[in-house]
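# Survey of secondary and tertiary structure
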Amino acid sequence: MENSNNNRRKFMATTLQSVGLTALGGLLWSGYSDEAKASPLVLRPPGALPEEDFLRACIKCGLCAEACENRESNKNRDGSKRPGTLKMAKGGDHNMIGTPFFIPTKVPCYMCEDIPCVPVCPSGALDITSVSDDKGELDINKSRMGLAVVHKESCIAFWGIQCDACYRACPLLDEAITLEYQKNERTGKHAFLLPVVHSDICTGCGLCEKACVTEKPAIFVLPIEHSTGKAGSHYVKGWDNKDQERVKDAKEIHTKNERSEKEATDYLNMEVEY
Amino acid sequence: MKNIKYLLLRRTTQFILLFLYFGANAYGWHMLEGTFGASKLFGFIPLADPYTVVQVLASGFVLGADVLLGAFIIVLFYMVVGGRAFCSWVCPINMVTDLANWLRRKLKLDQQEVNYRFIKRKARYWIMVLGIIVSAIVGVAAFEVLSPITIMQRGIVFGFGAGVSVIVAIFLFDLFGVKNGWCGHLCPLGATYSLIGSKSLIRVDHNHENCTGCMECKVVCPENQVLFMINKESISITDGECTNCGRCVDVCNDDALKFTIRSFAKK
């Protein structure tokens, strides 16, 4: 009897220990994984799902990077082999390990028309429909790897120096980046040729960043969610018929409180003590 | 030469597979592309790691049909050849831990029996389940964030970077820490393959009549709890934790151990 009691006690203790240690391990593991997930500003291959979903979906097989490295068209003009754009994140890259990414200043995405990296993705982390047109044909121009941003203080074109390196490097010439002419008031007789990026066309390939002549590129690609703002749905364009549709069924709302008793002009001219 | 036959076969298999993976990236070969997570054999047969697939599904993403089919093919394959044949015939970490183990024996680090209270061989099953739970909570395949197996394989195919420290850590842990610490106690992938191969066809068979009880097999076996029948009973080693590495068959000088097709008829 005593023996079985002992056994039971021992069993309880070991079970408790195992459960406790598992919980401890789980906490550490979750914490680590969550931190590892919080990647910095990383650019993904064409057709990648939004980062959160991409990290779920990517099975870290590297087939996209291999397709990029080994595609037939991967040649420089002189026929020599070009290094692949896509790298697989390894320890020390400060990026979710084993996921594909690229750094435009090293090797930008050359936007192959046959997009070899996307159809090979077995898991669906690179979504082929997002880079296909209505007919189901691949269209690299639909990819949104990121969005280029110009830092005008370091862009020498904004100083008045003539430079259109990014404009000329852009594979969607005069579409994704256009040059805006402005009078240079400082000299009085020259023009500024200012690069302007159009977010509805820019694919984020990074050729502009690679081409930028400044010490640290003044035009650079950031993941789209980092290089775009959002006005919010409560702004409605009164001059835009389509946008007006959104408030077609809106009803007037009357707020009743102490302040609403008065006219707006009264309220604005009212003396207020702070 | 006789007593390293399977060892040589295993190393050859490991090297050839890793070289094919390496060549896919370096030279554009289409023999075996990708990494263990998901691969393509001969350019069209999908293969995928079942544990990774389960984690990704747990994290809330419905994977493409190719990967699911690939995992199915892998499960079927290892159900036949013995689940943990992956561990001893394919996994690159096996070379690291085998080296650590060999050094342990040479340095006589195993003379004292040490009781590692918290690290038991069953721990890997807990870790396996935990990995799936953590994947679901964090929303990312949790073991793939730190798996030394794929870190090493990707290292070979794409370059190591700082990932090499993980491999060194495993080596040191197995050499100076727990004997067979990683593969035999912690690795959740090994645990998965143990379950997959628990009913596998290819097994090592023990012939009690021939056995002289030298216990060489138990010295080299990385999972020597599966060899409980040595010098006692003539039965097959049916435990899923046996890696089918064949080291016991190699070192046995008495013809008491050999690979057989498992017979489900006899009890």
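Being a predicted model, the structure only gives us computed values, none of them experimental.

Rules used throughout
- Residues numbered from 1 in each chain as written.
- Chains lettered and ligands numbered in written order.
- Predicted model: local features only at pLDDT ≥ 70, side-chain atom pairs only at ≥ 80, totals over all residues.
- Helix = DSSP H or I, 4+ residues; strand = E, 2+ residues; numbered from the N terminus.
- Rg over C-alpha atoms; globule rule 2.2 N^0.38 Å.
- Buried ≥ 20, exposed ≤ 12 C-beta atoms within 10 Å, placed from the backbone.
- Contact = placed C-beta atoms within 7 Å.
- Domains from an automatic or database assignment.
- Nonpolar A, V, L, I, M, F, W, Y, C, P; charged D, E, K, R; others polar.
- Core = buried A, V, L, I, M, F, W, Y, C linked by C-beta atoms within 7 Å.
- Axes fitted to C-alpha atoms, helices over the stretch in contact; angles between N-to-C directions.
- Parallel < 35°, antiparallel > 145°, perpendicular 65-115°, else oblique.
- Pairing = 2+ DSSP bridges.
- Expected span 1.5 Å × (residues − 1).

So, on to the overall build of chain B. Assigned secondary structure in chain B consists of 13 helices and 6 strands. The C-alpha radius of gyration computed for chain B amounts to 19 Å, which stays within 12% of the reference 18 Å derived for 267 residues, consistent with globular compactness. Taken over the C-alpha atoms alone, chain B extends approximately 55 × 40 × 40 Å along its principal axes. A buried classification covers 45% of the 267 residues belonging to chain B. Residue pairs in contact within chain B that sit at least 24 positions apart in sequence constitute 70% of those at least 6 positions apart.

Another aspect to go through is the domain arrangement of chain A. Reports often express the size of an interface as the amount of accessible area lost when the parts come together. Residues and elements named next belong to chain A. In terms of domain boundaries, chain A breaks down into domain 1 (39–142) and domain 2 (146–229). Spacing between the C-alpha centres of domain 1 and domain 2 amounts to 24 Å. With 10 residues of domain 1 at the interface, the matching set in domain 2 holds 15 residues. The residue inventory of the side of domain 1 that touches domain 2, partitioned by class, reads 7 nonpolar, 2 polar and 1 charged.

For the rest of this paragraph, the subject is the nonpolar core. Core analysis: the biggest nonpolar cluster contains 103 residues, and A:C64, A:C117, A:C208, A:I219 and B:A142 have the highest contact counts within it. Ranked by residue count, the leading element in this core is helix 6 (residues 123–138) of chain B, at 6 residues. Residues contacting A:C117, with those up to four places away along its chain left out, are A:P45, A:P46, A:C64, A:A67, A:C68, A:L86 and A:L126.

Our next topic: the packing of helix 6 of chain B against helix 11 (residues 188–196) of chain B. Residue and element names in this part refer to chain B. As a packed pair, helix 6 and helix 11 sit with axes 8 Å apart at the nearest point and diverge in direction by 100°. In terms of axis orientation, helix 6 runs roughly perpendicular to helix 11. Counted together, R124, Y125, I127, M128 and G131 of helix 6 and P188, G190, A191 and T192 of helix 11 form the full contact between these two elements. Among the residues making up the contact of helix 6 with helix 11, the classes are represented as 5 nonpolar, 3 polar and 1 charged.

What follows deals with the domain arrangement of chain B. Residue and element names in this part refer to chain B. Parsing chain B into structural domains produces domain 1 (2–195) and domain 2 (201–261). Relative placement of domain 1 and domain 2: their C-alpha centres are 23 Å apart. Listed as interface residues are 21 residues of domain 1 and, on the opposing side, 17 residues of domain 2. Of all elements in the fold, only helix 1 (5–26), helix 3 (65–81), helix 4 (85–89), helix 10 (181–186) and helix 11 reach the threshold of two or more residues within the side of domain 1 that touches domain 2. Among the elements that make up the side of domain 1 that touches domain 2, the one with the highest residue count is helix 1 (4 residues). Across the side of domain 1 that touches domain 2, the residue classes break down as 9 nonpolar, 8 polar and 4 charged.

So, about the pairing of strand 2 (residues 38–41) of chain B. It is a general feature of regular strands that their side chains alternate between the two faces of the sheet. Residue and element names in this part refer to chain B. Across 4 bridges, strand 1 (residues 32–35) lies against strand 2 in antiparallel orientation. Its bridge partner lying in strand 2, E33 is registered against K40. Counting the residues between successive antiparallel strands, the hairpin from strand 1 to strand 2 contains 2 residues. Looking at chain direction, strand 2 and strand 3 (residues 45–48) are connected through 4 bridges and run antiparallel.

Looking at the element boundaries, A:V221 is found in strand 6 (residues 219–222). Sequence spacing of A:V221 and A:G146 is 75 residues, and the spatial spacing of their C-alpha atoms is 5.8 Å.

Counting residues at the interface gives 46 residues for chain B and 35 residues for chain A. Grouping the amino acids of the side of chain B that touches chain A by side-chain chemistry returns 23 nonpolar, 18 polar and 5 charged.

Below, the discussion takes up the sheet that holds strand 6 (residues 257–261) of chain B. Residues and elements named next belong to chain B. Taken in spatial order, the 3 strands line up as 5-4-6 in an open sheet, and their pairing is antiparallel. Both edges of this open sheet fall to strand 5 (236–237) and strand 6, since each of them pairs with a single strand only. As paired strands, strand 4 (residues 202–206) and strand 6 are joined by 5 bridges and run antiparallel to one another. If you follow H206 over to strand 6, its bridge partner there is L257.

Along an α-helix, residues three or four positions apart point the same way, because every turn accommodates 3.6 residues. Taking 1.5 Å per residue, 13 residues should reach 18 Å; helix 9 (residues 164–176) of chain B reaches 18 Å between its end C-alpha atoms and fits that length. As for helix 9 of chain B, its buried residues are in contact with helix 5 (93–106), helix 8 (148–158) and helix 10 of chain B.

What follows covers helix 3 (residues 63–70) of chain A. Buried residues dominate helix 3 of chain A, accounting for 7 of its 8 residues. Turning to helix 3 of chain A, its buried residues number three or more, namely A:L63, A:C64, A:A65, A:E66, A:A67, A:C68 and A:E69.

The next subject is the sheet that holds strand 2 of chain B. Residue and element names in this part refer to chain B. Taken together, 3 strands build an open sheet; the order of strands is 1-2-3 and the sheet is antiparallel. Among the strands making up the open sheet, the edge pair consists of strand 1 and strand 3. The average angle at which neighbouring strand axes cross in this sheet is 15°, direction not considered. Contacts from helix 3 reach strand 2 and strand 3 within the one sheet, and its direction differs from that of strand 3 by about 75°.

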